[in-house]
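Inside the fold
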Amino acid sequence: MRPSCSDGPASGGRPGLEVDSVPANKVHVLGCGAMSCDLTWLLLKPGRTIRPRADRDKPVEWYPCTTHCVLVETPDGMLLWDTSCPRDWETRWVPTGLQEFFPYDQVSDEEYLDSRLGQLGVSPGDIDYLVLSHLHFDHAGNIGLFAGTGARMICNDKEKEFAFGYEGAFNGAHLKADYEAYDFETVSGDVEILPGVTLIEAPGHTPGTMAMKVDLPETGTMIFTSDAVYMGDSYGPPAVPAAIVNDLAAWYSSVEKIRGIAERSDATVVFGHDAAQLRSMRLAPNGFYL
Ligand SMILES: [Zn+2]
């Protein structure tokens, strides 16, 4: 139900914002457990993962690399942002070796994407738009759930060009088995794909990584960065890069682009793999954001 103007400003809304100008969107954050990994993959930070000599014998820090998807209910359809890791990760990832570096071993049965959707009473056939922030193995792992459902599969044009353009079965964390059987529509630049839902081009992590901005009537704006920004420690300022970066200059510039948009819209910024932040959020199926 969309609030009318006579209801007055929604609680938590931004001052001066016309309530009626914000679509009645609703966001569910689906926590899908965690991979385990050496934190150095995510954060090249002197003193933290890059050690001074006093710490040279300390063990490396392993991190619960949480993974999440976002279900956005809008008056014009239902959008799912990303698909997390697959149940068959331990065999599917073998050609890449990633199962040894990022084992998806901190996940319970109720945390897999298909379970999370089921807990919300949503079946794959209910999804109108399946948007992939990028096509890495831990974001594109469950696209197959939506095969033949009629869901429109969408990614950035530069991501598609890269992901389908290399030789062989995989390239870094892109694994063709995840996505090559499917037809993707592409977007380019920043695109308002549904009222109050904007895909933000944020390359650097991969050639076509995107973030997603969602305007909500009560919460205000939320920005989901995916891997354009892994975690709060990456965001800074100053921004701290990671071990997997396709184009470092582009990555820095995308972080600052997101920061600018976030500041102008007074947004809540939700990072791609921040375990502490995810734990602090209202998570599906018990909580949501209006
Ligand atoms: Zn990634």
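Residues numbered from 1 in each chain as written. Predicted model: local features only at pLDDT ≥ 70, side-chain atom pairs only at ≥ 80, totals over all residues. Heavy atoms only, no water.

**Points about the nonpolar core**
- In terms of nonpolar packing, the biggest core is built from 48 residues, with Leu-42, Leu-80, Tyr-104, Leu-135, Ile-143 and Phe-184 touching the most fellow members.
- Those elements giving two or more residues to this core turn out to be strand E1 (26–38), strand E2 (62–74), strand E3 (77–81), helix H3 (113–119) and strand E5 (152–156).
- With near-sequence residues (within four places) excluded, Tyr-104 lies in contact with Cys-32, Gly-33, Ala-34, Met-35, Thr-67, Ser-84, Cys-85, Pro-86, Trp-89, Trp-93, Glu-111 and Tyr-112.
- Listed in part, the 24 residues of the second largest apolar core include Val-27, Leu-194, Leu-199 and Val-214. (Core = buried A, V, L, I, M, F, W, Y, C linked by side-chain atoms within 4.5 Å. Buried < 20%, exposed > 50% of the residue type's maximum accessible area, 1.4 Å probe, protein only. Helix = DSSP H or I, 4+ residues; strand = E, 2+ residues; numbered from the N terminus. Contact = heavy atoms within 4.5 Å.)

**Examining the state of the cysteines**
- The final tally for this structure, using the stated rule, is zero disulfides.
- No disulfide involves Cys-37; its nearest neighbouring cysteine sulfur is the one of Cys-65, lying 4.5 Å away.
- Residue Cys-155 stays outside any disulfide, its sulfur separated by 16 Å from that of Cys-69, the closest cysteine.
- For Cys-155, a relative accessible area of 0% corresponds to the buried category. (Disulfide = S-S within 2.5 Å.)

**Here's the deal with the side chain of Thr-49**
- By the secondary structure assignment, Thr-49 is in the loop between E1 and E2.
- Among the polar contacts made by the side chain of Thr-49, one reaches the main-chain carbonyl oxygen of Leu-43 at a distance of 2.4 Å. (Polar contact = N/O pair within 3.5 Å; in protein donor to acceptor, adjacent residues only side chain to side chain.)

**Observations concerning the packing of aromatic side chains**
- Inspection of the entire model under this criterion finds eleven aromatic pairs.
- Between Trp-41 and Phe-102, the ring centres sit 5.1 Å apart and the planes meet at 45°, which makes this aromatic pair tilted. With Trp-41 in the loop between E1 and E2 and Phe-102 in the loop between helix H2 (98–101) and H3, this pair connects stretches of sequence that are 61 residues apart.
- Both rings, one in Trp-251 and one in Tyr-252, keep their centres 5.1 Å apart while their planes meet at 70°; by these two values the pair is edge-to-face.
- Lying across the ring of Phe-288, Lys-26 places its NZ or CZ 4.1 Å from the centre. (Phe/Tyr/Trp six-rings, centres within 6.5 Å; stacked < 30°, edge-to-face > 60°. Lys NZ or Arg CZ within 6 Å of the ring centre and 35° of its normal.)

**Things to note about the sheet that holds strand E9 (residues 191–194)**
- Strand order across the open sheet formed by five strands is E9-E10-E11-E12-E13, with mixed pairing between neighbours. Either end of the sheet is taken by a strand with one partner, and the two such strands are E9 and strand E13 (268–271). Neighbour-to-neighbour, the strand axes of the sheet open up by a mean angle of 25°, direction not taken into account.
- Direction of pairing for strand E10 (residues 197–201) relative to strand E11 (residues 210–216): antiparallel, over a ladder of five bridges. Its bridge partner being in E11, Leu-199 is matched across the sheet by Met-212.
- Running at roughly 165° to strand E12 (residues 220–226), helix H7 (residues 248–265) makes contact with E10, E11, E12 and E13 of the sheet. (Pairing = 2+ DSSP bridges. Axes fitted to C-alpha atoms, helices over the stretch in contact; angles between N-to-C directions.)

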